[in-house]
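# Structural description and commentary
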Amino acid sequence: MKQVTFILLLLFLFAATRLTAQQKTVSGIVTDEQNQPLAGANVVGAGESNGAVTDARGRFTLSLGQATATLKVSYIGYAPQEVSLAGKNYIRIVLQPGAVGLNEVVAVGYGTQKKVNLTGSVSSVSGVDLVKRPVMRASAALEGMMPDVAVTQSSGQPGADGGSIRVRGVGTLGNSDPLVLIDGIQGTLDGVESNDIESMSVLKDASSSAIYGSRAANGVILVTTKRGEEGKLKVNYNAYAGWQRFTDLQDFTDGYTYMTALNQAFRNEGRDPLYTDEYLAAYQKNKATDPDHYPDVDWQKAVYTGSGFLQHHYLSVSGGSKTVRVMGSVAYQDQKGEIPNYESQRYSFRLNTTADITDNFQVRLDLSGRHSPTLSPAGGLGTYGVLSEVIRQPPIYPALLSDGRYGIGLSGTNPLARVQDGGQVNTVYESFTGTIQADYQPFKGAEVTLNFTPTYGDTWTKDFFKSVSTYEPGSESPAFTFPVKSTLNENDSRSLQTTTQLLLKYNTNFDRHDFHFLAGYEQIGYHTDGFGAFRDNFPLPDYQELNAGSIENWQNSGTAAEWALRSWFGRLNYDFGSKYLLEANLRVDGSSRFASGNQYSAFPSFSAGWRISEEPFLKDVGWLSELKLRGSWGKLGNQEIGNYPFASVINLGVNYIFGGAPANGAAQQAMSNRDISWEETTTSDVGVDIGLLDNKLNIVYDYYVRNTTGILLQLPIPAIVGLSVPYQNAGGVKNTGWGLAVDYRNHDGAFKYRIGFNLSDVKNEVVDLQGTGPYISDYTVIKEGYPINSIFGYKAIGIFQTQEQVDKAPVQFGNYAPGDIIYADLNGDGVIDADDRTVIGDQLPRFTFGLNFSAQYKDFDLSVAIQGVGKKDVFLYKDAVWAFFNAGKIQTWQLDYWTPENPDAKYPRLIAETTHNNFQNSSFWNFNSAYARLKNVQIGYQLPASITSRTFIEKLRVYVTGQNLFTLDHMPKGWDPERPSGNASVYPITSTYVFGIDLTF
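The structure reproduced in this document is the subject of the present report.

Rules and cut-offs
- Residues numbered from 1 in each chain as written.
- Predicted model: local features only at pLDDT ≥ 70, side-chain atom pairs only at ≥ 80, totals over all residues.
- Heavy atoms only, no water.
- Buried < 20%, exposed > 50% of the residue type's maximum accessible area, 1.4 Å probe, protein only.
- Helix = DSSP H or I, 4+ residues; strand = E, 2+ residues; numbered from the N terminus.
- Pairing = 2+ DSSP bridges.
- Patch = residues over 30% accessible without salt bridge, like charges linked within 9 Å, V, L, I, M, F, W, Y side chains within 5 Å.
- Areas by Shrake-Rupley, 256 points an atom, 1.4 Å probe, with all protein chains shown as cover.
- Salt bridge = Lys/Arg side-chain N within 4 Å of Asp/Glu carboxyl O.
- Expected span 1.5 Å × (residues − 1).
- Contact = heavy atoms within 4.5 Å.

## Remarks on the pairing of strand β12 (residues 164-167)
- What you see with β12 is a clean split: I165 and V167 sit on the buried side and S164 and R166 on the side with no burial.
- Of the strand pairs in this sheet, strand β11 (residues 149-152) and β12 are connected by four bridges, and their pairing is antiparallel. Residue pairing in the sheet places A150 in a bridge with R166 of β12.

Here's what the structure looks like:
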């Protein structure tokens, strides 16, 4: 027995020795193209079943057979690699990003899809690219990132500096904002922390967005937030701090120049000069020593004293086990305005959790919320607001007297007093969203998803408009008190939206046929209520509470509203051999906003694709990676028409006086229309996707026609009806456009770079107003044959140079003379009047473009973004460009005014009368607002992995970033080309300069 045991032991040792001799151990590290470790990468020997997963520092150790000479390495989002060992026992593997052009996986309606299999028009951007821009609102980061998506940032006000987004133009006369879905639930893009975003997809045509039916007529933005992955917990801290400065400000004259120019304006009007030569001489002599009586105030310098400081902090923790994965984050941002008392803060959190209960049953719990307080001076931005008064106030009125009291300003309205001591508007917005979702896979290829999400929101506003006294020098009594009484408005509005979704998915294939089925049910309910209260005449104005105000004029109000949407939908995707692609969608929506009989409508779409590059005659063309033709058609709807336009509503609160006493009352005030129905949009799209040079160069082009019918209009009714005009489905708008995106990337050498360019155009036209119109509103018009809200006014054809020209010209407005604007007599009746007005400009942007460049060399990286608009008009008037308007001042560029000695001046002769011939809405005040802007530059340095791998730090990167750095445009001094048409009551756009750190451990 002992001999047998000994022989067996010898055989075992021999076998073990032979086995050991046939095995070898290989270790190494897997990094990305920036030398950062990749945790969770899969490493396996070619032809073997065993493998390894890299740890948090990207390291792995693997036992291989002696004959194994190749490793296969893969990681989500990166191109898989096969690496030759060449006899090495330690190897460093650098993965390159996958072909994120045509082969990337993008979010689509209720799921994801490979872009190579898409038949609709979808653009996407990664969260990595978004966070390179130091913006406080995620919408502003989209500017210039993709074709057919026009983003305009028209204000730099803290808390209100997001971008307005238009997908493929403006298709309705009402709300044109796209639908935003955050992890499948409707939300606000600016409410999402940019660092939480994994990716963002924009569904642009009806084929890709018809699955969302009546909410998708203006396009759909799908935001996917980050989730935890299996592996060691990873902590990331990203922070930056810096300053904001206005991109441009008006350049106004000093006091002496103002008065001499105003004298000239008075002479041109036939009036005596306002300021005598003696006073002007005394002003020049005494302004430096006696600023109370001879002030020379730069109101912008006096008022714009805010720090402009901003800071942003983001902390996240992610990771988990095979069964539970978590991503949690908290963020804080603080933004101070360059104008005091303009401030914004935001506190936010997100917790995304996934748990695998069994192999075929998962539960997801997502929680997110934010607390966003904002602050601004009372009075707003309009009349008597800070900004309009800064632009208007002449320099010869004192801002602050030498004894510290407020000077009178112009007619007692002192913007310095307003911003420092005139009260504030406090607004606090809070929201909370919770999602519970269950996913069950009953058998291979099938999945059932049940989702329930409530979203709660609350907006509280406290607006205290405080009386401020201003003084004449040497006087003890106030010269003015404005407003006469302090007032307090306090409002609170709450909302609750619940979303329930049931999704059924089934994927199957046989031979070369692939089928993907989706069926779903969704119900959304929304309820809101609000309460408001008002008091005035506060004897103790520093005690700003409702109970401190007078009860003589107290007021209160309350309101509530609700709506619901119930939907069924389905989708079928079919592809044959990844060559011939078909997709069909159908959604049926039922909305409470319509009367019975009109509540339900169906929204279908169809699309097809042909991957020509997979045909035998092209498959072996080495330089051609992808060639796909696409075509689609679909119908979408729009239910954003108010809550009850079909109902004859009795309005409560219409009170009356009977016998000298107030009595409660009610009345119908608006005429209803029970036949009102959906606005409908049909879109036809053809496109081509091209991949060249192993998908290093990707080109995407789309051409589309988008028609919207049944747009709500208030068509005229007889005034004898006595009710406000009802809405009817009557209008039609057509958008025709195209979009081009070109992307090239090269990661072959030590210098890695990527260049992306996009260009798009859309032509907008109102095609049907049912024979009515034009609808004129101040300087805009809605008129058949022209873009929505075209600029409307008189056509200026020059400036009168001689009295002979004046005598021979058609009759203009009031007293006019050489140096005044000439208007065209379009109807030829010899008189310029309202019948001579015409369309003089288009406010909608054309030829929007973006150029994005990123590069990396060793541990340094650089990104540059340029964006702009090739064609767009902006109309400015009143205090924006009219010198001395409403007793205001004059800008330096307006000193180039007409005189007989300066006939080619930029500005007509100086006039101070607001109703003068020159101050008409005309093309003279139209400006070309096309521009090209250096939108963003970021330079970063990352500590080498050879250093961080010896510490607890996985990644340490520092960077400096600038936003809105330089602009080429044709606008007058002080006016940013992105600012909207109108007067000066707009918070200026800002440039941003920050320093940041990105730390992962």
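## What to know about a nonpolar patch on the surface
- Among the surface-exposed residues, L315, V330, F349, F432, Y456 and L496 lie close enough to one another that they form a single nonpolar patch of about 510 Å² accessible area.
- By secondary structure assignment, the location of L496 is in strand β26 (residues 487-510).

## Things to note about the pattern of salt bridges
- A complete count under the given rule lists 47 salt bridges for this structure.
- In this structure, the salt-bridge partner of D148 is K204, at a minimum N-O distance of 3.5 Å. Of this pair, D148 sits in the loop between α2 (127-130) and β11 while K204 sits in the loop between β15 (197-203) and α3 (206-209), and the two are 56 residues apart along the sequence. In this pair, the class of D148 matches that of K204, namely buried.
- Among the salt bridges present, the one from D403 reaches R405, with a minimum N-O distance of 2.9 Å.
- Relative accessible area serves as the criterion here: at 48%, D403 is assigned to the partly exposed category.
- Among the charged side chains, a salt-bridge network with shared partners connects D148, R168, K204, K628, R630, D685, D689 and D702.

## Quick notes on helix α4 (residues 255-268)
- Across its 14 residues, α4 extends 20 Å between first and last C-alpha, which sits within 8% of the 20 Å expected from 1.5 Å per residue.
- Taken together, the buried positions of α4 are occupied by G255, Y258, M259, A261, L262, N263, A265 and F266.
- Of the surrounding secondary structure, the elements contacted by the buried residues of α4 are α5 (277-286).

## Some remarks on the sheet that holds strand β16 (residues 220-225)
- Strand order in this open sheet of five strands is β10-β15-β16-β13-β14, and the pairing throughout is mixed. Looking at the sheet topology across the chains shown, the edges are occupied by β10 (122-126) and β14 (185-186).

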